[in-house]
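Residue-level structural notes
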Amino acid sequence: MSFGETPVTLVGNLTDEPELKFTETGAALAKFTIAVTPRAFDRTSNQWKDGTTAFYRCAAWRTLAEHIAESLKKGSRVVASGRMRQHDWVTTEGEKRSMLAVEVDDIGASVRFTTVTVNAKRATSNSPAGDDPWNTANGPAKEGDEPPF
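Structural notes, computed from the coordinates.

**Section: the overall build of the protein**
Scanning the protein for helices and strands turns up one helix and eight strands. In the protein, the succession of helices and strands from N to C terminus is β-β-β-β-β-β-α-β-β. Counting only residues that meet the buried cut, the protein has 22% of its 149 residues in that class. Taking contacts inside the protein between residues at least 6 apart in sequence as the whole, the part at least 24 apart equals 57%. Summed over its atoms, the accessible surface of the protein is roughly 11600 Å², and 50% of this surface lies on carbon and sulfur atoms.

Structure follows, in structure tokens:
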């Protein structure tokens, strides 16, 4: 994150299926909206009350975008972290417009009210597995093997 950016963490539900697009250069872009509804305990009625729901337009790029499109669905409860971005443009009528959106850096399913199954996939590195002293595919470490740090 750069100096002067506004960090944000959202906990809420996806309002629709994530929309996956690709730019002309082939970069993946996922667009989606997270609805966030604050809750507060009302001592007079002895009940939880919902506040006003806020809708945050979000975008994620590249591999994260593809993972979002494959993993999350409408209604998914998520915890997302990223930064607020302001987007400015001029309409065809010449009117200036702007909007705030969240550029998501990381996102995951919330397990507060449900369970999830994680299918962990690791990105492949440029080095062959045989060069990785932590790789157990070639058998356990031998005596005297040192970690790479």
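**Observations concerning the environment of Ala59**
Summarising the element assignment, Ala59 is placed in strand 6 (residues 54–61). Ala59 sits 30 residues away from Leu29 along the chain, and the two C-alpha atoms are 6.8 Å apart. Among all residues touching Ala59, those that are not within four sequence positions of it are Leu29, Ala30, Val102, Glu103 and Val104.

**Considerations on the environment of Arg83**
Examined against the element boundaries, Arg83 turns out to sit in strand 7 (residues 77–90). C-alpha of Arg83 to C-alpha of Val104: the two residues are 21 residues apart in sequence and 6.7 Å apart in space. In terms of polar contacts, Arg83 uses its side chain to reach the side chain of Asp105, at 2.5 Å.

**Describing the nonpolar core**
Side chains of nonpolar character tend, in soluble globular proteins, to be buried together. Of all hydrophobic cores here, the largest spans 19 residues; its most connected members are Leu10, Phe32, Ile34, Cys58, Ile68, Val104 and Ile107. Looking at this core, the elements with two or more residues in it are strand 1 (6–14), strand 3 (28–36), strand 6, helix 1 (62–71), strand 7 and strand 8 (96–109). It is strand 3 that provides the largest number of residues to this core, a total of five residues. When neighbours within four sequence positions are excluded, Val104 is seen to be in contact with Phe32, Cys58, Ala59, Ala60, Leu64, Ala80, Ser81 and Gly82.

**Remarks on the layout of surface pockets**
Estimated volume of the largest pocket: approximately 580 Å³. As for the largest pocket, its lining consists of 17 residues, and the residues nearest its centre are His67, Ser71, Thr117, Val118 and Asn119. Mapped onto the lining of the largest pocket, the elements with two or more residues apiece are helix 1 and strand 8. A total of five residues in the lining of the largest pocket trace back to one element, the largest contributor, which is helix 1. Here the lining of the largest pocket is built from residues that sort into eight nonpolar, six polar and three charged. Space inside the second largest pocket adds up to approximately 300 Å³. Mapped onto the lining of the second largest pocket, the elements with two or more residues apiece are strand 1, strand 3 and strand 5 (47–50).

Reading guide: rules and limits
- Residues numbered from 1 in each chain as written.
- Predicted model: local features only at pLDDT ≥ 70, side-chain atom pairs only at ≥ 80, totals over all residues.
- Heavy atoms only, no water.
- Helix = DSSP H or I, 4+ residues; strand = E, 2+ residues; numbered from the N terminus.
- Buried < 20%, exposed > 50% of the residue type's maximum accessible area, 1.4 Å probe, protein only.
- Contact = heavy atoms within 4.5 Å.
- Areas by Shrake-Rupley, 256 points an atom, 1.4 Å probe, with all protein chains shown as cover.
- Polar contact = N/O pair within 3.5 Å; in protein donor to acceptor, adjacent residues only side chain to side chain.
- Core = buried A, V, L, I, M, F, W, Y, C linked by side-chain atoms within 4.5 Å.
- 1 Å grid on protein atoms, 1.4 Å probe; cavity = no way out; pocket = protein on both sides within 12 Å on 5 of 7 lines; lining within 4 Å.
- Points joined across faces, edges and corners; volume = space filled by probe spheres on them.
- Nonpolar A, V, L, I, M, F, W, Y, C, P; charged D, E, K, R; others polar.

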